[in-house]
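Analysis of the macromolecular model
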Amino acid sequence: MRALPSAFYARQTVAVARELLGHLLVSTVGGARCSVRIVETEAYVGPRDPASHAHRWHRSERNEVMYGRPGLLYVYFTYGMHWCANIVTEREGFPAAVLLRAAEPVEGVEVMRRRRGGVRTEEIASGPAKLAQALGITGALNGHPVTRPPLVVRAGVPVSPRRRGSSGRVGVRAGARLRLRFFELGSRHVSGPRASGRP
DNA sequence: CTTGAGATGTTT
DNA sequence: AACATCTCAAGA
């Protein structure tokens, strides 16, 4: 299965966010095997990041997993109806994570399309809550290691540095000028309206 | 293509 | 009151 080792996540959050592009997420939630290729991430770099759930070492029941081991899933519920999935980074005790923002469907496309209400392939996982819904990720997976089923990050072909773009994070006011969003240039599967826009 | 509003519940 | 979002309807 060649899961990425948990040591991959025990590094600087920005490096993990960049280097996750091109790797695969394999979900066997509910029995069907669905996989996607990661094309967009965001870094949430711990206590000094004003947009982080763990800003100024804030610690609560919700973000407790951010303080745990690197490689754990941090899944949270937002806007009253959406789940979003992160992977915890850096060292245990230091709250940081990478938000999985968008991915390209690879395997189990029709299962994912059904979970997403029959949308076009480009819209199956083009946003953090869409990605979570497509893969069947809910709060039940909070704290689960991504080195083991039912949700595994498998080694793919990394996106080369010259095909990576960066920008400010989406939907974030505090720390808006920080370029902590990373994506594959030219991908039709990244979040937001961009079919004809600039990457 | 773009904009704007509503859904819906947790956190501060 | 804000929120690491999404969908739909309407307008240009």
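Model, not experiment: these values are computed from the prediction.

What counts and what doesn't
Residues numbered from 1 in each chain as written. Chains lettered and ligands numbered in written order. Predicted model: local features only at pLDDT ≥ 70, side-chain atom pairs only at ≥ 80, totals over all residues. Heavy atoms only, no water. Helix = DSSP H or I, 4+ residues; strand = E, 2+ residues; numbered from the N terminus. Buried < 20%, exposed > 50% of the residue type's maximum accessible area, 1.4 Å probe, protein only. Phe/Tyr/Trp six-rings, centres within 6.5 Å; stacked < 30°, edge-to-face > 60°. Lys NZ or Arg CZ within 6 Å of the ring centre and 35° of its normal.

**Some details on unusual backbone geometry**
- A cis amide bond links Pro 149 to the next residue, Pro 150, at an omega of 10 degrees.
- In this fold, Pro 150 is placed in the loop between α3 (128-135) and β6 (151-154).
- For Arg 56, which is not glycine, the phi dihedral falls at a positive 55 degrees.
- By the secondary structure assignment, Arg 56 is in the loop between β2 (34-44) and β3 (73-78).
- Overall, Arg 56 belongs to the exposed group, its relative accessible area being 68%.
- The residue Tyr 79 is not glycine, and still its phi comes out positive at about 50 degrees.
- Counting through the fold element by element, Tyr 79 comes out in the loop between β3 and β4 (82-88).

**Some words on the packing of aromatic side chains**
- Applying the stated criterion to the full structure yields 5 aromatic pairs.
- The interplanar angle of 80 degrees and the centroid separation of 5.2 Å between the aromatic rings of Phe 8 and Tyr 9 together place this pair among those described as edge-to-face. As far as the burial class goes, Phe 8 and Tyr 9 line up, both buried.
- Seen from their ring centres, Trp 57 and Tyr 67 are 6.4 Å apart, and the 40 degrees between their planes marks the pair as tilted. Pair noted here: Trp 57 is in the loop between β2 and β3 and Tyr 67 is in the loop between β2 and β3, with a separation of 10 residues, a long-range link.
- Through successive ring pairs, a cluster of aromatic residues spans Trp 57, Tyr 67 and Phe 94.
- Over the ring of Tyr 44 we find Arg 169; its NZ or CZ atom is 4.6 Å from the centre of that ring.

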